[in-house]
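One-letter residues, chain by chain:
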Amino acid sequence: MSVTGQSSWPNPMGGAHWADLEQICPERVSYGVPMSRLTTLRIGGSADVLVRPTTAEEVARVIRWVRQRQVPLFVMGRGSNLLVGDGGIRGVVLQLAPPMDRWKAGVEGTTIYLWAQAGLPLRRLMREGLRRGWGGMEFLVGIPGYLGGAVAMNAGTPQEGIGQLVKTILWVDPDGELVTKERKALEFSYRKLELPHGCVIVEAHLRLFEKDAWEIRESLRERMRRRRQNQPCETSSAGSIFKNPPGDSAGRIIDEMGLKGLTVGGAQISKRHANFIVNLGGATARDVLALIHEVRRRVAQGAGTDLELELQIVGEAS
Ligand code: EPU
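One structure accompanies this document, and this report is about it. Keep in mind the model is a prediction, meaning the values are calculated, not measured.

**Some words on the side chain of Gln231**
With respect to the helices and strands, Gln231 occurs in the loop between helix H5 (213-230) and helix H6 (250-256). When residues no more than four places from it in sequence are discounted, the contact partners of Gln231 are Arg272, His273 and Phe276.

**Here we look at the site of the ligand**
Taken together, 20 residues lie around the ligand, and Tyr190, Ser240, Asn244, Asp255 and Glu310 are the ones closest in. Between the ligand and the protein, one listed contact pairs an oxygen atom with a side-chain N or O atom of Arg227 at 3.2 Å. Within the backbone of Ser240, one N or O atom sits 2.8 Å away from an oxygen atom of the ligand. Coverage of the ligand by the protein chains reaches 70% of its 820 Å² of free accessible surface. It is H6 that provides the largest number of residues to the shell around the ligand, a total of 3 residues. For the shell around the ligand, the class distribution of residues is 5 nonpolar, 9 polar and 6 charged.

**Focus: H5**
Helix length check: H5 (18 residues) gives 26 Å between terminal C-alpha atoms against 26 Å at 1.5 Å per residue, within 8%. Buried within H5 we find Ile216, Leu220, Met224 and Arg227. Mapping the buried residues of H5 onto a view down its axis gives an arc of 60°, with all of them on the same face. Set apart from the buried face of H5 by more than 90 degrees, the exposed residues are Trp214 and Arg221. Structurally, H5 contributes buried residues whose contacts are with helix H3 (122-132) and strand E8 (134-135). Where H5 begins, the capping side chain belongs to Asp212, and its oxygen is found 3.1 Å from the backbone nitrogen of Trp214.

**What to know about the side chain of Asn154**
Positionally, Asn154 belongs in the loop between helix H4 (147-152) and strand E9 (166-172). Polar side-chain contacts of Asn154 include one of 3.1 Å to the backbone nitrogen of Ile162. At 2.8 Å, the side chain of Asn154 and the backbone nitrogen of Gly163 are in polar contact. Apart from residues lying up to four places away in sequence, Asn154 is in contact with Gly161, Ile162, Gly163, Phe188, Ser189, Arg191 and Lys192.

**Considerations on the sheet that holds strand E3 (residues 73-76)**
Taken together, 4 strands build an open sheet; the order of strands is E1-E2-E5-E3 and the sheet is mixed. Edge positions in the sheet fall to strand E1 (29-34) and E3, since each has one partner strand and no second. Along the sheet, successive strands turn relative to each other by an average axial angle of 35°, direction set aside. Summarising the sheet, E3 and strand E5 (residues 89-95) pair through 4 bridges and their orientation is parallel. Residue pairing in the sheet places Met76 in a bridge with Gln95 of E5. Against the sheet, helix H2 (residues 56-69) touches strand E2 (46-51), E3 and E5, its axis set at about 165° to E5.

Each value, and the rule that gives it
- Residues numbered from 1 in each chain as written.
- Predicted model: local features only at pLDDT ≥ 70, side-chain atom pairs only at ≥ 80, totals over all residues.
- Heavy atoms only, no water.
- Helix = DSSP H or I, 4+ residues; strand = E, 2+ residues; numbered from the N terminus.
- Contact = heavy atoms within 4.5 Å.
- Near = heavy atom within 4 Å.
- Polar contact = N/O pair within 3.5 Å; in protein donor to acceptor, adjacent residues only side chain to side chain.
- Areas by Shrake-Rupley, 256 points an atom, 1.4 Å probe, with all protein chains shown as cover.
- Nonpolar A, V, L, I, M, F, W, Y, C, P; charged D, E, K, R; others polar.
- Expected span 1.5 Å × (residues − 1).
- Buried < 20%, exposed > 50% of the residue type's maximum accessible area, 1.4 Å probe, protein only.
- Arc of directions from axis to C-beta.
- Pairing = 2+ DSSP bridges.
- Axes fitted to C-alpha atoms, helices over the stretch in contact; angles between N-to-C directions.

Right under this line is the structure:
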């Protein structure tokens with residue numbers, strides 16, 4: 001079945017042409033999905049269409065489909081670093097999430113090679129690692145994301161990023177072709193991977209090493225203790241809002257400006273960590289954007305620093 005023409009756009013509800021997607025990903029296409037359900041900030045209007053593929057090939061087919069029909073596409077993982085506008089997202093949202101979370105591991109001497117699909121939750125990866133004695137990724141503990149998104153933004157701490165564990169990645173390019181990239185062809189930096197525009201990471205190969213499970217447990221415990229102490233773990237948030245400026249900390253600067261507790265509608269600068277915005281309940285994207293604007297303004301004025309967003313912002317304002 002082919003697209004019924006641009007006249008039916010952007011009103012996809014019930015549009016017969018979406019049946020194509022349902023053929024590519026049977027029973028994994030939903031319509032009018034509130035993005036507040038798919039983001040850790042619990043904010044955002046509805047996505048026209050949500051597609052949740054289970055294999056790299058399905059991702060490739062969806063990408064070819066949207067490209068041929070010039071339908072807007074947004075790709076997401078856990079939604080833990082994401083602010084979606086109150087007006088939602090037009091077109092197709094492609095979510096790489098369980099059950100696109102298969103993994104397998106091989107051992108060579110003391111090296112562990114782990115292959116996994118992009119929708120694997122980091123939390124699950126950490127649990128398997130602890131159970132099996134896989135060392136080297138302890139710094140990822142407490143990060144709520146999924147593997148693909150974590151690789152795409154080189155998630156981690158200011159000192160360490162998941163990129164340092166990557167051996168190869170498999171991505172789908174904008175033409176819908178599967179491309180394998182070796183580590184040496186990849187450029188990771190602080191919270192960033194140089195990923196060609198429109199490419200979607202679908203699988204990653206990580207290199208870990210054997211480590212005593214007790215030692216891993218101790219390291220995870222200590223890191224989680226610090227996180228719980230310094231970060232608002234029990235309230236809805238999207239993690240750090242801004243990247244740290246070189247050699248400094250966005251949280252420290254915002255705190256110094258006296259902005260902890262600053263509130264717009266239901267959104268507030270966390271009283272525990274100034275680089276987090278928490279949803280006190282009922283916050284809108286508009287509230288969060290106003291808060292971001294105000295923080296940037298006051299930090300630029302008071303500290304002379306231009307804060308760069310780590311948070312990804314997508315969708316329509318209203
Ligand atoms: N600080 C303050 N006030 C605050 C917050 C922090 O004075 O309100 C000070 C702290 O006392 C410390 C310094 O700023 O001296 C750094 O703070 P912290 O150790 O909390 O680390 P961070 O740089 O704010 C980074 C990552 C976090 C990661 C932690 C721990 C960025 C933008 N953030 O935070 O990552 O969990 O280190 O490793 O790099 C995320 O990216 O979403 C995230 C949560």
